[in-house]
Amino acid sequence: MGKDKERLWVNYHGLFGSPMSWAQVNREMVLALDQLGCRVTVMAYRGFGYDPEFPLEERIRRLRSGPRSPEWDVAFEYPMNYERLQAKRKAGLLVYETTELPPHWARAIREHLDLLVVPSSFCARAAERSGVPTDRILQVPYGYAPSRFAPCPKAVPERAPLEDRFTFLCLAMPHLRKGLRELVRAFREEFDPDEPVQLILKMPYSPVPQRRKPWELEDVPTLVRPDEAVPSGRSLSLVCRSEPPDRIPSWLARCDAYVQPSYGEGFGLAILEAMAVGRPTLVTGWGGHMDLCTAAISYRVDYEMIPAGETQYYKGSRSARCARPLGPSLREQRR
């Protein structure tokens with residue numbers, strides 16, 4: 001009992017059963033805390049992309065049955081839910097992709113959290129700029145599992161005979177901020193139909209028109225229309241399906257280069273994982289991934305600052321801005 005009382009005991013709140021990156025962070029954080037000897041009670045919620053059939057690790061399922069800690073609540077979820085946290089001390093994990101947090105988010109952080117944990121200097125600056133006290137902000141970058149993401153040669157794709165083409169891969173949500181329209185346009189403008197090059201867009205889902213959010217793409221089905229290229233030439237392909245996280249390394253292993261021209265990233269977990277596999281990365285030169293993507297190891301795309309508008313997931317900050325990648329630079333860097 002004495003040792004048990006000395007263990008850090010936390011209630012970890014968030015989305016777990018989903019292919020989204022924040023759910024991946026939640027799963028890895030809980031397992032890491034558990035392996036470090038902490039006592040963890042998982043408080044799993046539904047959220048964006050929730051799938052009741054998503055394959056959760058058995059250890060996470062078991063941690064859902066424990067009693068609640070009176071000492072620490074840790075939450076990676078919608079900030080307006082912070083008021084539901086009940087432990088003596090409260091910490092929130094947060095990422096955001098524009099220059100400012102929504103004002104009601106910042107207010108919820110100030111009123112309900114003792115600690116805000118962010119993965120990048122970009123997110124830390126956005127929180128400070130939005131009025132979160134600096135002494136409550138802790139920067140802890142995300143990592144990757146070396147056992148899964150390790151340098152490897154290019155693998156043969158599932159669909160032969162495309163292995164002889166230079167392959168660009170983008171793993172992205174079908175959201176406006178991911179720069180997918182610019183990505184496809186630059187690909188078609190830069191590469192001739194007979195060049196042996198392909199672009200693969202991998203998304204976990206395609207938005208349903210009747211339920212589409214303002215920040216989701218409305219033209220996913222037509223974004224990659226049938227290419228008029230000859231069979232041995234330029235190719236565009238779109239894959240829309242949810243897959244377990246252990247499939248991501250195999251996707252990265254198939255490409256020659258990873259490209260993500262986002263308007264903003266709070267961290268850029270897929271970019272880090274592509275680097276870990278040993279793939280060149282081509283990214284917009286602004287955002288949370290700049291902590292990782294130095295000029296020496298990444299291809300940076302020039303950009304212009306624009307009002308964030310509907311690229312924001314939660315409106316409220318009219319002065320928030322983000323970075324739109326410039327087509328000529330995107331073409332040049334890909335070449």
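Coordinates for the structure precede this section.
Below: a short report on this structure. Here the residue numbering is sequential within each chain, running from 1 through the sequence in written order. With pLDDT at 70 or above as the cut-off, local features in this predicted model cover only qualifying residues; side-chain atom pairs require 80 or more to be listed or tallied, and sums for whole chains, interfaces and linings still use all residues. Computation of side-chain values: all heavy atoms of the structure, hydrogens and water removed.

1. A word on the overall build of the protein
Right, so step 1: Along the backbone of the protein there are ten helices and 14 strands.
Right, so step 2: For this measure, only C-alpha atoms enter the radius of gyration; the expected value for a globule follows 2.2 Å times N^0.38, where N is the number of residues. Relative to the globule expectation of 20 Å for 335 residues, the C-alpha radius of gyration of the protein, 21 Å, shows essentially globular dimensions.
Right, so step 3: The dimensions of the protein, computed from C-alpha atoms along their principal axes, are 70 × 45 × 45 Å.
Right, so step 4: Long-range contacts, defined here as pairs at least 24 residues apart, represent 66% of the contacts in the protein between residues at least 6 apart.
Right, so step 5: With residues, only the protein chains shown are counted as cover, and all accessible areas are computed by Shrake-Rupley using a 1.4 Å probe. Carbon and sulfur atoms form 52% of the exposed surface of the protein, whose accessible area is close to 16000 Å².
Right, so step 6: Positive residues here are Lys and Arg, negative ones are Asp and Glu, while His and the chain termini are left out of the count. We put the charge of a Lys on NZ, of an Arg on CZ, of an Asp on CG and of a Glu on CD. Averaged over its 47 positive side-chain charges, the protein has a centre that lies 4 Å from the centre of its 42 negative ones. Each helix is a run of H or I in the DSSP string that is no shorter than four residues. Each strand is a run of E no shorter than two, and both are numbered from the N terminus. Residues are treated as being in contact if the distance between any of their heavy atoms lies within 4.5 Å.

2. Quick notes on the packing of helix 6 (residues 180–190) against helix 10 (residues 327–334)
Right, so step 1: Relative to each other, helix 6 and helix 10 sit at 60°, their axes nearing to 9 Å. The angle between helix 6 and helix 10 falls in the class oblique. Crossing geometry of helix 6 relative to helix 10 is assigned as right-handed. Together, Glu182, Leu183, Ala186, Phe187, Glu189 and Glu190 of helix 6 and Gly327, Leu330, Arg331 and Arg334 of helix 10 make up the contact between the two elements.
Right, so step 2: A breakdown of the residues in the contact of helix 6 with helix 10 according to their chemical character gives four nonpolar, one polar and five charged. Throughout, an axis means a line fitted to C-alpha atoms (over the contacting stretch in the case of helices), and angles, computed between N-to-C directions, take values from 0 to 180 degrees. The labels follow the angle: roughly parallel below 35 degrees, roughly antiparallel above 145, roughly perpendicular from 65 to 115, and oblique for the rest. Crossings are classed by handedness, with left-handed meaning an anticlockwise turn of the near helix from the far one by less than a right angle and right-handed meaning a clockwise turn. Under the scheme applied, nonpolar residues are Ala, Val, Leu, Ile, Met, Phe, Trp, Tyr, Cys and Pro; charged residues are Asp, Glu, Lys and Arg; polar residues are all the others, including Gly.

3. As for empty space enclosed by the protein
One water molecule sets the probe size; rolling that probe over the atoms shows where empty space is left.
Right, so step 1: Here a cavity is any set of points on a 1 Å grid over the protein atoms alone where a 1.4 Å probe fits but cannot get out, and a pocket is any open set with protein on both sides within 12 Å along at least 5 of 7 lines; a residue lines the site when it has an atom within 4 Å of a point. Grid points are joined across faces, edges and corners, and a volume is the space filled by probe spheres set on the points. With the rule as written, the count across this model stands at one cavity of 30 Å³ or more.
Right, so step 2: Approximately 50 Å³ is the volume found for the largest cavity.
Right, so step 3: For the largest cavity, the full set of lining residues is Tyr96, Glu97, Thr98, Arg177, Tyr263, Gly264, Thr311, Gln312 and Cys322.
Right, so step 4: A breakdown of the residues in the lining of the largest cavity according to their chemical character gives three nonpolar, four polar and two charged.

4. Considerations on the side chain of Thr167
Right, so step 1: Mapped onto the elements of the fold, Thr167 is located in strand 7 (residues 166–171).
Right, so step 2: Under the relative-accessibility criterion, Thr167 is labelled buried at 2%.
Right, so step 3: Among the polar contacts made by the side chain of Thr167, one reaches the side chain of Gln198 at a distance of 2.8 Å. Burial classification: accessible surface area is computed with a 1.4 Å probe over protein chains only, and a residue below 20% of its type maximum counts as buried, one above 50% as exposed, and the rest as partly exposed. The definition of a polar contact used here is a pair of N or O atoms within 3.5 Å, where within protein one atom must be able to donate a hydrogen and the other to accept one, and adjacent residues in sequence count solely through side-chain atom pairs.

5. Re the nonpolar core
Right, so step 1: Counting residues in each nonpolar core, the largest one holds 42 residues, and the members touching the most others are Tyr12, Val30, Val40, Leu169, Leu252 and Tyr258.
Right, so step 2: Considering every element that reaches this core, the biggest residue donor is helix 9 (residues 269–277), with seven residues.
Right, so step 3: The contacts of Tyr258, once residues within four sequence positions are left out, are Leu169, Cys170, Leu171, Leu252, Ala270, Ile271, Ala274, Pro280, Thr281 and Leu282.
Right, so step 4: The criterion is simple. A nonpolar core is a set of buried Ala, Val, Leu, Ile, Met, Phe, Trp, Tyr and Cys residues joined through side-chain atoms within 4.5 Å. Of all hydrophobic cores here, the second largest spans 26 residues; its members include Phe122, Ala127, Val132 and Ile306.

6. What about the sheet that holds strand 9 (residues 235–240)?
Right, so step 1: In space, the six strands of this open sheet follow the order 9-8-7-10-11-12, with parallel pairing throughout. Looking at the sheet topology across the chains shown, the edges are occupied by strand 9 and strand 12 (298–301). The sheet shows a mean angle of 20° between the axes of neighbouring strands, direction not considered.
Right, so step 2: Strand pairing requires that DSSP identify at least two bridges connecting the strands. Sheet analysis places strand 10 (residues 257–260) next to strand 11 (residues 281–284), joined by three bridges and oriented parallel. Residue Tyr258 lies in a different strand from strand 11, and its bridge partner there is Thr281.
Right, so step 3: The strands that helix 9 touches are strand 10, strand 11 and strand 12; relative to strand 10, the one it contacts most, it runs at about 170°.

7. Notes on the pattern of salt bridges
Right, so step 1: Between Lys or Arg on one side and Asp or Glu on the other, a salt bridge is scored when a side-chain nitrogen of the former is within 4 Å of a carboxyl oxygen of the latter. Counted under the stated rule, the structure contains 21 salt bridges.
Right, so step 2: Salt-bridge contacts for Arg331 lead to Glu190; the nearest nitrogen and oxygen are separated by 3.0 Å. Taken as a pair, Arg331 in helix 10 and Glu190 in helix 6 lie far apart in primary sequence, 141 residues in all.
Right, so step 3: Assessed through its relative accessible area of 29%, Arg331 is described here as partly exposed.

8. Brief notes about the packing of aromatic side chains
Right, so step 1: Centre distance within 6.5 Å is the pairing criterion for rings of Phe, Tyr and Trp, where only the six-membered ring of Trp is used; planes under 30 degrees apart are then read as stacked, over 60 as edge-to-face, and the remainder as tilted. Here the structure, examined in full by the defined rule, presents eleven aromatic pairs.
Right, so step 2: Judged by centre distance (6.1 Å) and plane angle (75°), the rings of Tyr78 and Trp105 are edge-to-face. Note that Tyr78 is positioned in the loop between strand 3 (72–76) and strand 4 (89–93) and Trp105 in helix 4 (residues 103–112), a separation of 27 residues in sequence.
Right, so step 3: Judged by relative accessible area, which is 30%, Tyr78 ranks as partly exposed.
Right, so step 4: Judged by relative accessible area, which is 5%, Trp105 ranks as buried.
Right, so step 5: Geometrically, the ring pair formed by Trp215 and Tyr313 is edge-to-face, given 4.9 Å between the ring centres and 90° between the ring planes. With Trp215 in the loop between strand 8 (197–203) and helix 7 (220–223) and Tyr313 in the loop between strand 13 (303–307) and strand 14 (321–325), this pair connects stretches of sequence that are 98 residues apart.
Right, so step 6: Given the relative accessible area of 18%, Tyr313 is considered buried.
Right, so step 7: Chaining the aromatic ring pairs together yields one cluster made of Phe48, Tyr205, Trp215 and Tyr313.
Right, so step 8: Between the NZ or CZ atom of Arg254 and the centre of the ring of Trp251, over which it lies, the distance is 4.1 Å. A ring is scored as having a charge over it whenever the NZ atom of a lysine or the CZ atom of an arginine sits within 6 Å of its centre and within 35 degrees of its normal.

By themselves, these are just geometric observations and shouldn't be taken as functional.
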